[in-house]
Amino acid sequence: MSNFRLGIFILLLSSCAAPKNVTYFQDVPDTLRQKMVEMSAYNTPVIQPDDILQVSIQTLDPATTALLSQQNTNTWPTIGATAGVAGNPTAINVSGYLVDKEGYVILPLIGKVMVSGKTTDAIRDEIRTKAAEYYKDPVVTVRFANFKITVLGEVARPSTYVMPSEKVTLLDAIGIAGDLTIFGKRENVMLIRDNNGKKEFVRFNLNNSNIFTSPYFYLHQGDVVYVEPNKAKVASTDMARVRRLSILATALSLLIVIATRVKF
(Lines give C-alpha, C1' and ligand atoms only; values in the text may rest on other atoms or scores of the structure.)
Protein backbone atom coordinates (compact mmCIF):
# COMPACT_ATOMS: atom_id res chain seq x y z
CA MET A 1 0.00 0.00 0.00
CA SER A 2 2.87 2.38 0.77
CA ASN A 3 4.28 1.83 -2.74
CA PHE A 4 0.85 2.57 -4.19
CA ARG A 5 0.60 5.87 -2.29
CA LEU A 6 4.13 6.77 -3.41
CA GLY A 7 3.19 6.12 -7.04
CA ILE A 8 0.09 8.30 -6.77
CA PHE A 9 2.16 11.09 -5.21
CA ILE A 10 4.74 10.97 -8.00
CA LEU A 11 2.01 10.92 -10.65
CA LEU A 12 0.32 14.00 -9.15
CA LEU A 13 3.66 15.76 -8.77
CA SER A 14 4.68 15.16 -12.39
CA SER A 15 1.25 16.12 -13.75
CA CYS A 16 1.27 19.39 -11.82
CA ALA A 17 4.72 20.28 -13.13
CA ALA A 18 4.06 19.22 -16.73
CA PRO A 19 3.02 22.60 -18.25
CA LYS A 20 6.04 24.32 -16.70
CA ASN A 21 8.57 21.69 -17.74
CA VAL A 22 7.28 20.72 -21.19
CA THR A 23 6.59 24.03 -22.96
CA TYR A 24 9.40 25.46 -25.09
CA PHE A 25 10.32 29.19 -25.25
CA GLN A 26 8.18 30.24 -22.29
CA ASP A 27 9.53 33.80 -22.43
CA VAL A 28 7.73 34.45 -25.73
CA PRO A 29 4.43 36.21 -24.84
CA ASP A 30 1.19 34.48 -25.76
CA THR A 31 -0.25 37.60 -27.42
CA LEU A 32 -0.50 39.18 -30.84
CA ARG A 33 2.71 41.10 -30.14
CA GLN A 34 5.81 39.76 -31.82
CA LYS A 35 9.11 39.07 -30.09
CA MET A 36 12.08 39.43 -32.40
CA VAL A 37 15.25 37.49 -31.56
CA GLU A 38 18.42 38.10 -33.55
CA MET A 39 19.79 34.79 -34.77
CA SER A 40 23.36 33.78 -34.09
CA ALA A 41 25.62 34.04 -37.12
CA TYR A 42 26.02 30.71 -38.92
CA ASN A 43 29.44 29.34 -38.04
CA THR A 44 30.35 27.11 -40.97
CA PRO A 45 31.87 23.77 -39.86
CA VAL A 46 35.42 23.03 -40.94
CA ILE A 47 36.68 19.82 -42.51
CA GLN A 48 38.68 17.36 -40.42
CA PRO A 49 40.61 14.12 -41.11
CA ASP A 50 38.33 11.11 -41.71
CA ASP A 51 35.54 13.32 -43.06
CA ILE A 52 34.05 12.21 -46.36
CA LEU A 53 33.42 14.85 -49.01
CA GLN A 54 31.25 14.74 -52.08
CA VAL A 55 33.01 16.75 -54.77
CA SER A 56 31.40 17.42 -58.13
CA ILE A 57 33.31 19.07 -60.99
CA GLN A 58 31.30 19.73 -64.13
CA THR A 59 32.76 20.97 -67.41
CA LEU A 60 31.48 21.59 -70.92
CA ASP A 61 32.73 18.14 -71.92
CA PRO A 62 30.50 15.32 -70.54
CA ALA A 63 33.33 12.76 -70.82
CA THR A 64 35.66 14.93 -68.75
CA THR A 65 32.92 15.51 -66.17
CA ALA A 66 32.40 11.76 -65.82
CA LEU A 67 36.15 11.23 -65.37
CA LEU A 68 36.44 13.96 -62.73
CA SER A 69 33.53 12.56 -60.75
CA GLN A 70 34.36 8.86 -60.99
CA GLN A 71 35.94 8.55 -57.53
CA ASN A 72 32.82 10.09 -55.97
CA THR A 73 31.37 6.60 -56.30
CA ASN A 74 33.89 5.22 -53.79
CA THR A 75 32.01 4.07 -50.70
CA TRP A 76 33.24 4.29 -47.13
CA PRO A 77 31.70 2.68 -44.03
CA THR A 78 30.42 4.98 -41.30
CA ILE A 79 28.27 4.51 -38.22
CA GLY A 80 24.87 6.18 -38.12
CA ALA A 81 21.23 6.16 -39.07
CA THR A 82 19.46 8.02 -41.83
CA ALA A 83 18.08 11.30 -40.49
CA GLY A 84 14.59 10.83 -39.08
CA VAL A 85 14.64 7.03 -39.19
CA ALA A 86 14.24 5.10 -35.95
CA GLY A 87 16.67 2.41 -34.96
CA ASN A 88 20.07 1.82 -33.46
CA PRO A 89 23.16 3.15 -35.28
CA THR A 90 24.40 0.67 -37.87
CA ALA A 91 27.22 0.54 -40.41
CA ILE A 92 26.16 2.37 -43.57
CA ASN A 93 28.14 3.28 -46.67
CA VAL A 94 28.50 6.82 -47.99
CA SER A 95 30.08 7.87 -51.28
CA GLY A 96 32.79 10.48 -51.69
CA TYR A 97 36.44 11.35 -51.07
CA LEU A 98 37.96 10.39 -47.73
CA VAL A 99 40.09 13.05 -46.02
CA ASP A 100 43.33 11.31 -45.00
CA LYS A 101 45.13 11.64 -41.66
CA GLU A 102 47.24 14.53 -43.00
CA GLY A 103 44.11 16.41 -44.09
CA TYR A 104 44.35 15.86 -47.87
CA VAL A 105 42.00 14.53 -50.52
CA ILE A 106 43.23 13.33 -53.91
CA LEU A 107 41.05 14.34 -56.86
CA PRO A 108 41.42 12.92 -60.38
CA LEU A 109 43.39 15.24 -62.67
CA ILE A 110 43.40 17.93 -59.96
CA GLY A 111 45.74 16.13 -57.59
CA LYS A 112 46.32 16.47 -53.87
CA VAL A 113 44.35 19.20 -52.11
CA MET A 114 44.75 20.24 -48.45
CA VAL A 115 41.24 20.51 -47.00
CA SER A 116 41.62 20.07 -43.22
CA GLY A 117 40.64 23.13 -41.20
CA LYS A 118 38.85 24.74 -44.17
CA THR A 119 35.15 25.13 -44.93
CA THR A 120 33.44 23.45 -47.86
CA ASP A 121 32.94 26.89 -49.47
CA ALA A 122 36.67 27.65 -49.29
CA ILE A 123 37.55 24.25 -50.74
CA ARG A 124 35.00 24.71 -53.52
CA ASP A 125 36.66 27.99 -54.57
CA GLU A 126 40.13 26.46 -54.37
CA ILE A 127 39.18 23.45 -56.50
CA ARG A 128 37.43 25.71 -59.02
CA THR A 129 40.63 27.77 -59.37
CA LYS A 130 42.74 24.63 -59.94
CA ALA A 131 40.20 23.17 -62.41
CA ALA A 132 40.05 26.46 -64.34
CA GLU A 133 43.71 25.98 -65.27
CA TYR A 134 42.67 23.03 -67.45
CA TYR A 135 38.97 23.51 -68.21
CA LYS A 136 36.80 26.44 -69.18
CA ASP A 137 34.20 27.65 -66.66
CA PRO A 138 34.13 24.57 -64.39
CA VAL A 139 31.23 24.28 -61.95
CA VAL A 140 32.26 22.86 -58.57
CA THR A 141 30.22 21.77 -55.56
CA VAL A 142 31.59 20.42 -52.28
CA ARG A 143 29.59 19.07 -49.35
CA PHE A 144 29.93 16.71 -46.41
CA ALA A 145 28.83 13.14 -47.11
CA ASN A 146 29.06 11.97 -43.49
CA PHE A 147 27.93 14.95 -41.41
CA LYS A 148 27.00 13.11 -38.21
CA ILE A 149 25.40 14.19 -34.94
CA THR A 150 24.46 12.07 -31.94
CA VAL A 151 21.39 12.66 -29.77
CA LEU A 152 21.27 10.81 -26.43
CA GLY A 153 19.15 10.71 -23.30
CA GLU A 154 15.45 11.49 -22.96
CA VAL A 155 14.43 11.68 -26.62
CA ALA A 156 12.10 9.41 -28.55
CA ARG A 157 14.81 7.98 -30.87
CA PRO A 158 18.32 8.34 -29.40
CA SER A 159 20.84 7.55 -32.12
CA THR A 160 23.66 8.81 -34.32
CA TYR A 161 22.28 10.44 -37.46
CA VAL A 162 23.92 11.16 -40.81
CA MET A 163 22.51 14.52 -41.87
CA PRO A 164 21.70 15.53 -45.46
CA SER A 165 23.03 19.05 -44.87
CA GLU A 166 25.80 20.68 -42.86
CA LYS A 167 23.54 23.53 -41.71
CA VAL A 168 21.94 21.78 -38.74
CA THR A 169 20.60 23.48 -35.62
CA LEU A 170 20.05 22.19 -32.11
CA LEU A 171 16.29 22.11 -32.77
CA ASP A 172 16.86 20.15 -36.00
CA ALA A 173 18.74 17.51 -34.01
CA ILE A 174 15.99 17.26 -31.39
CA GLY A 175 13.29 17.07 -34.06
CA ILE A 176 15.09 14.33 -36.00
CA ALA A 177 15.40 12.32 -32.77
CA GLY A 178 11.62 12.51 -32.30
CA ASP A 179 11.56 15.36 -29.73
CA LEU A 180 12.15 15.14 -25.99
CA THR A 181 10.12 12.66 -23.96
CA ILE A 182 7.87 13.85 -21.14
CA PHE A 183 10.79 13.10 -18.81
CA GLY A 184 13.34 15.25 -20.68
CA LYS A 185 14.86 18.13 -18.71
CA ARG A 186 14.25 21.01 -21.10
CA GLU A 187 16.09 23.58 -19.02
CA ASN A 188 19.35 21.63 -19.11
CA VAL A 189 20.20 20.20 -22.55
CA MET A 190 23.93 19.61 -22.99
CA LEU A 191 26.02 19.96 -26.15
CA ILE A 192 29.38 18.17 -26.27
CA ARG A 193 31.80 19.28 -29.01
CA ASP A 194 35.30 18.14 -29.94
CA ASN A 195 37.38 21.26 -30.50
CA ASN A 196 40.98 20.56 -31.56
CA GLY A 197 41.26 17.52 -29.33
CA LYS A 198 39.51 19.14 -26.36
CA LYS A 199 35.90 18.64 -25.27
CA GLU A 200 33.59 21.65 -24.96
CA PHE A 201 30.45 21.40 -22.81
CA VAL A 202 27.60 23.86 -23.39
CA ARG A 203 24.19 23.86 -21.70
CA PHE A 204 20.94 25.13 -23.24
CA ASN A 205 17.63 26.10 -21.69
CA LEU A 206 14.89 25.26 -24.20
CA ASN A 207 12.42 27.25 -22.12
CA ASN A 208 14.18 30.43 -23.21
CA SER A 209 14.30 31.81 -26.75
CA ASN A 210 17.84 33.11 -26.15
CA ILE A 211 19.14 29.79 -27.49
CA PHE A 212 18.76 31.28 -30.98
CA THR A 213 21.52 33.80 -30.17
CA SER A 214 24.00 31.18 -28.95
CA PRO A 215 27.10 30.64 -31.15
CA TYR A 216 26.53 26.92 -30.53
CA PHE A 217 22.97 26.91 -31.90
CA TYR A 218 24.30 25.58 -35.23
CA LEU A 219 25.86 22.15 -34.79
CA HIS A 220 29.17 20.88 -36.09
CA GLN A 221 30.26 17.52 -37.41
CA GLY A 222 30.46 14.99 -34.55
CA ASP A 223 28.50 17.04 -32.00
CA VAL A 224 26.68 15.15 -29.23
CA VAL A 225 23.40 16.41 -27.74
CA TYR A 226 22.43 14.94 -24.37
CA VAL A 227 19.02 15.41 -22.74
CA GLU A 228 19.10 14.84 -18.99
CA PRO A 229 16.18 13.05 -17.28
CA ASN A 230 14.05 15.15 -14.92
CA LYS A 231 13.19 14.39 -11.28
CA ALA A 232 9.99 12.57 -12.24
CA LYS A 233 11.96 10.05 -14.30
CA VAL A 234 14.48 9.55 -11.50
CA ALA A 235 11.67 9.09 -8.97
CA SER A 236 9.85 6.60 -11.18
CA THR A 237 13.07 4.62 -11.62
CA ASP A 238 13.59 4.58 -7.85
CA MET A 239 9.99 3.47 -7.31
CA ALA A 240 10.46 0.59 -9.76
CA ARG A 241 13.59 -0.45 -7.89
CA VAL A 242 11.73 -0.35 -4.56
CA ARG A 243 8.91 -2.40 -6.08
CA ARG A 244 11.34 -5.07 -7.28
CA LEU A 245 13.03 -5.22 -3.87
CA SER A 246 9.64 -5.54 -2.16
CA ILE A 247 8.67 -8.43 -4.42
CA LEU A 248 12.02 -10.11 -3.78
CA ALA A 249 11.67 -9.66 -0.01
CA THR A 250 8.15 -11.09 -0.10
CA ALA A 251 9.33 -14.09 -2.08
CA LEU A 252 12.22 -14.72 0.33
CA SER A 253 9.88 -14.44 3.30
CA LEU A 254 7.55 -16.97 1.71
CA LEU A 255 10.42 -19.38 1.09
CA ILE A 256 11.58 -19.02 4.68
CA VAL A 257 8.07 -19.77 5.99
CA ILE A 258 7.76 -22.80 3.73
CA ALA A 259 11.22 -24.05 4.76
CA THR A 260 10.41 -23.78 8.48
CA ARG A 261 7.07 -25.61 8.19
CA VAL A 262 7.96 -28.39 5.81
CA LYS A 263 9.49 -31.45 7.43
CA PHE A 264 12.14 -33.30 5.43
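The text that follows walks through the structure, step by step, so that each part is easy to find. (Residues numbered from 1 in each chain as written. Predicted model: local features only at pLDDT ≥ 70, side-chain atom pairs only at ≥ 80, totals over all residues. Heavy atoms only, no water.)

**Quick look at the overall build of the protein**
Note the threshold: The way it works is that DSSP assigns letters per residue, a run of H or I at least four long becomes a helix, a run of E at least two long becomes a strand, and they are numbered from the N terminus. Burial classification: accessible surface area is computed with a 1.4 Å probe over protein chains only, and a residue below 20% of its type maximum counts as buried, one above 50% as exposed, and the rest as partly exposed. Any pair of residues with heavy atoms lying within 4.5 Å of one another is described as a contacting pair. Only the protein chains shown count as covering a residue, and every accessible area follows the Shrake-Rupley method with a 1.4 Å probe.
A tally of helices and strands in the protein yields five helices and 12 strands. Put simply, the protein has 264 residues, and 33% of those count as buried. Nonlocal contacts in the protein, meaning residues at least 24 apart in sequence, comprise 63% of its contacts between residues at least 6 apart. Taken as a whole, the protein presents about 15,600 Å² of accessible surface, with 60% of it coming from carbon and sulfur.

**Brief notes about the packing of aromatic side chains**
Geometrically, a pair of aromatic rings is defined through the distance of the ring centres and the angle of the planes. What counts, and what does not: Centre distance within 6.5 Å is the pairing criterion for rings of Phe, Tyr and Trp, where only the six-membered ring of Trp is used; planes under 30 degrees apart are then read as stacked, over 60 as edge-to-face, and the remainder as tilted.
Taken as a whole and judged by the stated rule, the model has four aromatic pairs. Here Y134 and Y135 contribute two aromatic rings whose centre-to-centre distance is 6.2 Å and whose plane-to-plane angle is 55 degrees, an arrangement assigned as tilted. On the basis of relative accessible area, Y134 is assigned to the exposed category, the value being 54%. The buried category is assigned to Y135, whose relative accessible area is 18%. An aromatic cluster of three or more residues is present, and its members are F212, F217 and Y218.

**Some words on helix α3 (residues 120-131)**
Heads up, the condition is: How far a helix is expected to stretch is found by multiplying one less than its residue total by 1.5 Å. For this quantity, the arc is that covered by the directions from the helix axis to the C-beta atoms.
Between its first and last C-alpha atoms α3 spans 16 Å; for 12 residues at 1.5 Å apiece the expected length is 16 Å, and the two agree. Within α3, the full set of buried residues consists of T120, I123, I127 and A131. For α3, the buried positions fall inside an angular range of 70 degrees around the axis, keeping them on one side. Where the residues of α3 are buried, they touch β1 (52-58), β5 (104-107), β6 (111-114) and β7 (139-144).

**Some words on the sheet that holds β1**
Strand pairing within a sheet occurs via backbone hydrogen bonds; the two strands may be parallel or antiparallel. Our working rule: One requirement defines pairing of two strands: DSSP has to find at least two bridges between them. Simply put, an axis is a line fit to the C-alpha atoms, just over the touching stretch for a helix, and the angle between two N-to-C directions goes from 0 to 180 degrees.
A sheet is described by the order of its strands in space; here three strands give the open sequence β4-β1-β7, paired in antiparallel fashion. Looking at the sheet topology across the chains shown, the edges are occupied by β4 (97-98) and β7. Relative to β4, β1 runs antiparallel, the two sharing two bridges. Opposite I52, over in β4, you have L98 as the bridge partner. Here α3 sits on the sheet and contacts β1 and β7; the angle it forms with β7, its principal contact strand, is near 150 degrees.

**Some details on the side chain of D223**
Note the threshold: Polar contacts here mean pairs of N or O atoms no more than 3.5 Å apart (in protein, one a potential hydrogen donor and the other a potential acceptor; neighbouring residues in sequence count only if both atoms are side-chain atoms).
Its place among the elements puts D223 in the loop between β11 (198-204) and β12 (224-229). Here the side chain of D223 touches R193 through a polar contact of 2.7 Å, side chain to side chain.

**Here we look at the pattern of salt bridges**
Put simply, the test is: One speaks of a salt bridge when a side-chain nitrogen belonging to Lys or Arg is within 4 Å of a carboxyl oxygen belonging to Asp or Glu.
Taken as a whole, this structure holds seven salt bridges when the rule is applied. Of the charged contacts in the structure, one is a salt bridge between R124 and D125, with a shortest N-O distance of 3.3 Å. Several salt bridges converge on common partners, so that one network encompasses D121, R124, D125 and R128.

**Concerning the side chain of T120**
By the element assignment, T120 lies in helix α3. A distance of 3.2 Å separates the side chain of T120 from the side chain of E166, its partner in a polar contact. Apart from residues lying up to four places away in sequence, T120 is in contact with I47, V142, R143, F144 and E166.

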